[in-house]
Every structure is written in C-alpha cells, then in structure tokens.
Amino acid sequence: MADKRERGPRLPPRWFIRLAWSTHRAIYRVTGGRVGLWRPKAGRWGTLRLTTTGRRTGRPRSVILGYFEDGPNLVTLAMNGWGDPEPAWWLNLQAQPDATVELVGEARAVRARAAQEAERSRLWAGWSEIDRQLDALAARRSSPTAVVILEPRPAGAGQ
C-alpha cells in the first residue's frame, strides 16, 4: 500500500482521458458553446476554449483548457493529461504566440508566453491552491510543466 502512495495519485487510463476531452469538445460544439465553459471561482479553475494556429498546417486548432485569472491574464498549464509529450496547442503557441480564447460570454485576442522564475513559482503556487495533487501529478512528467500566461493583445494587433 505504501508503494502505491509513493507513485503519486492514480490517473485514469490514457484512452479514458482522451475520450473525456473529445466528449467535452463535442458537448461544446453540439450546444453551440452554451455548455462546456465556466468561469473560475474561489478555489476552483474555470474552462476556456483556446484557438491556436497549427504550426504545420496554418489552420485553426481549438482545445478546451482549465485556467484561472491573474489580473487581466489567463493562466493555464501545458500538460497533456500529465503524459510526457508537450500538448500540440502549446507547441503551436510556441511557433505562433497569438491566439484567441472564448470565455463564458466573451472572446479575447491573446498572446501566449511561458512564465519564468519567480512569476512561474507564484502562479504554480496559485494552481497548487486549486489542485492539492499538482506537485505529485507533475512529478510523473520527465520535464517541467510550462505555466502558460495568455495576455490580452492590444486592439488591432493582428494574428
């Protein structure tokens, strides 16, 4: 039993995580965006729909992510169901940091960047308050999980 605790929190199988993501996106699509997004509350994360530009295709790519607010910025984690590969949306943002997000009742143009040093530590601590298992889950990955900041883009700044 102690051996199980040392390995950290149990995750569902990868196929189940992918099915949950697909189902969430389908519900969002089928309801025309009326269901599937929610705002963060004290001690809880919200969900947003991020649309990036595909780094290989140049076509729009959308994903639903968890986030919390840090002033005018939206903060998310570049995790892939806690699997090792970087998520495609984060690779897309590294190639083209300008994107759009849909929130409950609004859309925003944003520019993405990875938090560094003290800012990363502060924002990671913010996520840790929301998810008490964050450090144990992150330890499953062979590289650090990027803390991604989605900053508002000035009006008129092209994508």
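None of these values were measured; they are calculated from a predicted model.

Engineer: Looking at this model, I keep getting lost on the pattern of salt bridges. Mind explaining?
Structural biologist: Oppositely charged side chains may form a pair once their charged atoms are brought near each other. One pass over the structure, following the stated rule, counts ten salt bridges. Salt-bridge contacts for Glu151 lead to Arg113; the nearest nitrogen and oxygen are separated by 2.8 Å. Note that Glu151 is positioned in strand 6 (residues 146-152) and Arg113 in strand 5 (residues 106-114), a separation of 38 residues in sequence. For Glu151, a relative accessible area of 25% puts it in the partly exposed group. Three or more residues are tied together by salt bridges with common partners; here these are Arg39, Glu69, Glu106 and Arg108.

Engineer: Explain the sheet that holds strand 4 (residues 98-103) here, please?
Structural biologist: Strands pair in a sheet through their backbones, by hydrogen bonds, and they do so in one of two ways: parallel or antiparallel. Taken in spatial order, the six strands of this closed barrel run 1-2-3-6-5-4, and their pairing is antiparallel. If you compare each strand with its neighbour and ignore which way they point, the axes differ by 45° on average. Sheet topology note: the strand 5/strand 6 ladder contains five bridges and is antiparallel. Among the inter-strand pairings, Val110 is bridged to a residue of strand 6, identified as Pro152.

Engineer: Sorry, what's going on with the nonpolar core here?
Structural biologist: Across soluble globular proteins, you tend to see nonpolar side chains buried next to one another. Counting residues in hydrophobic clusters, the biggest one holds 18 residues, and the most contacted among them are Leu48, Leu50, Trp89, Leu93, Val148 and Leu150. For this core, the secondary structure elements donating two or more residues are strand 1 (46-53), strand 2 (60-70), strand 3 (73-78), helix 3 (88-95), strand 4, strand 5 and strand 6. In this structure, Phe68, Ala115, Leu134 and Val147 belong to the second largest nonpolar core, which totals 13 residues.

Engineer: Can you walk me through the pairing of strand 5 in this structure?
Structural biologist: Look at any regular strand and the pattern is simple: side chains alternate between the two faces of the sheet. For strand 4 and strand 5, the ladder comprises six bridges, and the chain directions are antiparallel. Residue Val101 lies in a different strand from strand 5, and its bridge partner there is Arg108. Between strand 4 and the antiparallel strand that follows it, strand 5, lie two residues; Gly105 among them carries a positive phi value of about 80°.

Engineer: Is there a simple way to think about the environment of Leu65 in this case?
Structural biologist: With respect to the element layout, Leu65 can be found in strand 2. The sequence separation of Leu65 and Gly46 amounts to 19 residues, and the corresponding C-alpha distance is 8.2 Å.

Engineer: So what exactly am I meant to see when it comes to the packing of aromatic side chains here?
Structural biologist: Ring pairs (aromatic) are described by centroid distance and by the angle formed between their planes. Here the structure, examined in full by the defined rule, presents three aromatic pairs. Taking 5.4 Å as the distance between ring centres and 75° as the angle between the ring planes, the aromatic pair formed by Phe68 and Trp127 counts as edge-to-face. Here Phe68 is found in strand 2, whereas its partner Trp127 is found in helix 4 (residues 117-130), with 59 residues between them in sequence. Assigned by exposure class, Phe68 and Trp127 land together as buried.

Engineer: I'm lost on the side chain of Ser128 in this one. Help?
Structural biologist: Looking at the secondary structure, you find Ser128 in helix 4. Those residues in contact with Ser128 that sit more than four places away from it in its chain are Leu134 and Asp135.

Engineer: Can you walk me through the layout of surface pockets in this structure?
Structural biologist: Of the pockets and cavities examined, the largest pocket occupies roughly 1200 Å³. Of all the secondary-structure elements, those providing two or more residues to the lining of the largest pocket are helix 2 (14-30), strand 1, strand 2, strand 3, helix 3, helix 4 and helix 5 (134-138). A breakdown of the residues in the lining of the largest pocket according to their chemical character gives 21 nonpolar, twelve polar and six charged.

Cut-off values and rules
Residues numbered from 1 in each chain as written. Predicted model: local features only at pLDDT ≥ 70, side-chain atom pairs only at ≥ 80, totals over all residues. Heavy atoms only, no water. Salt bridge = Lys/Arg side-chain N within 4 Å of Asp/Glu carboxyl O. Helix = DSSP H or I, 4+ residues; strand = E, 2+ residues; numbered from the N terminus. Buried < 20%, exposed > 50% of the residue type's maximum accessible area, 1.4 Å probe, protein only. Pairing = 2+ DSSP bridges. Axes fitted to C-alpha atoms, helices over the stretch in contact; angles between N-to-C directions. Core = buried A, V, L, I, M, F, W, Y, C linked by side-chain atoms within 4.5 Å. Phe/Tyr/Trp six-rings, centres within 6.5 Å; stacked < 30°, edge-to-face > 60°. Contact = heavy atoms within 4.5 Å. 1 Å grid on protein atoms, 1.4 Å probe; cavity = no way out; pocket = protein on both sides within 12 Å on 5 of 7 lines; lining within 4 Å. Points joined across faces, edges and corners; volume = space filled by probe spheres on them. Nonpolar A, V, L, I, M, F, W, Y, C, P; charged D, E, K, R; others polar.

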